[in-house]
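The lines below spell out each chain.
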Amino acid sequence: QVQLVESGGGSVQAGGSLTLSCAASGRVLNINRMGWYRQARGKQRELVASITSAGNTQYADSVKGRFTISRDDVKSTVYLQMNSLKPADTAVYSCNADIINTLGYRSDYWGQGTQVTVSS
């Protein structure tokens, strides 16, 4: 099986920074696109940022210039560096990865989610 385990969430004051990590483990052969999504209370889940295996990135307009997504393929890990955090960034952040396992099957995997709370 394949698992995605997130870490790095927490509480921070507005203007602060947090870094989220998401590590894939298990029967991982290859990781294609990786991304971070968030869901605030009462709102739909939205894409925050994504990165392809070639390193091409995409960001939601609301986080451009403040968040940076990166990946370490040796560690099978994706990171989200979040700077200049705002109360509007408060949400449960979940990582997502398009993974081919060692049996050759390609599936979409999700982490368990980590809470980010930004206070004013």
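Residues numbered from 1 in each chain as written. Predicted model: local features only at pLDDT ≥ 70, side-chain atom pairs only at ≥ 80, totals over all residues. Heavy atoms only, no water.

S.K.: Please explain the pattern of salt bridges as it appears in this structure.
M.R.: One pass over the structure, following the stated rule, counts 6 salt bridges. For the salt bridge of Arg106 with Asp98, the shortest nitrogen-to-oxygen distance reads 2.5 Å. The exposure class assigned to Arg106 is exposed, which follows from its relative accessible area of 56%. Put simply, Arg38, Glu46, Arg66 and Asp89 are held in one network by salt bridges that share partners. (Salt bridge = Lys/Arg side-chain N within 4 Å of Asp/Glu carboxyl O. Buried < 20%, exposed > 50% of the residue type's maximum accessible area, 1.4 Å probe, protein only.)

S.K.: Please clarify how the sheet that holds strand E1 (residues 2-7) should be interpreted in this entry.
M.R.: Within a sheet, adjacent strands bond to each other through the backbone by hydrogen bonds, running parallel or antiparallel. With antiparallel pairing, 4 strands are arranged side by side in an open sheet as E1-E3-E8-E7. With partners counted over all chains shown, the strands left at the sheet margins are E1 and strand E7 (67-72), one partner each. Pairwise comparison of adjacent strand axes, ignoring direction, gives a mean angle of 15° for this sheet. Of the strand pairs in this sheet, strand E3 (residues 18-26) and strand E8 (residues 77-82) are connected by 6 bridges, and their pairing is antiparallel. Looking at the pairing, Ser21 lines up with Tyr79 of E8. (Pairing = 2+ DSSP bridges. Helix = DSSP H or I, 4+ residues; strand = E, 2+ residues; numbered from the N terminus. Axes fitted to C-alpha atoms, helices over the stretch in contact; angles between N-to-C directions.)

S.K.: What is the right way to read the state of the cysteines from this model?
M.R.: Among covalent bonds in proteins, the disulfide is the one between the sulfur atoms of two cysteines. According to the stated counting rule, one finds 1 disulfide in the structure shown. The disulfide bridge from Cys22 ends at Cys95, spanning 1.9 Å between sulfur atoms. Between Cys22 and Cys95, the disulfide has an S-S torsion of 40° and is therefore right-handed. Note that Cys22 is positioned in strand E3 and Cys95 in strand E9 (residues 91-101), a separation of 73 residues in sequence. (Disulfide = S-S within 2.5 Å.)

S.K.: Just to check I follow, could you spell out the pairing of strand E11 (residues 114-119) for this structure?
M.R.: Regular strands show a simple pattern: their side chains alternate between the two faces of the sheet. What you see with E11 is a clean split: Thr114, Val116 and Val118 sit on the buried side and Gln115, Thr117 and Ser119 on the side with no burial. Taken together, the 3 bridges between E9 and E11 define a ladder with antiparallel strand orientation. Bridge pairing in E11 places Ala91 opposite Val116.

S.K.: I would appreciate a short explanation of the packing of aromatic side chains in the present structure.
M.R.: For any pair of aromatic rings, the description rests on two quantities: the centre-to-centre distance and the angle between the ring planes. With the rule as written, the count across this model stands at 1 aromatic pair. The residue whose ring lies beneath Arg45 is Tyr37, and the NZ or CZ to ring-centre distance is 5.9 Å. Of note, Arg45 hangs over the ring of Trp110, and the distance from its end group to the ring centre comes to 4.0 Å. (Phe/Tyr/Trp six-rings, centres within 6.5 Å; stacked < 30°, edge-to-face > 60°. Lys NZ or Arg CZ within 6 Å of the ring centre and 35° of its normal.)

S.K.: Is there a simple way to explain the side chain of Arg66 in this structure?
M.R.: Secondary-structure assignment places Arg66 in the loop between strand E6 (57-59) and E7. Overall, Arg66 belongs to the buried group, its relative accessible area being 10%. Beyond its immediate sequence surroundings of up to four residues, Arg66 is in contact with Gln81, Met82, Asn83, Ser84, Leu85, Lys86 and Asp89. (Contact = heavy atoms within 4.5 Å.)

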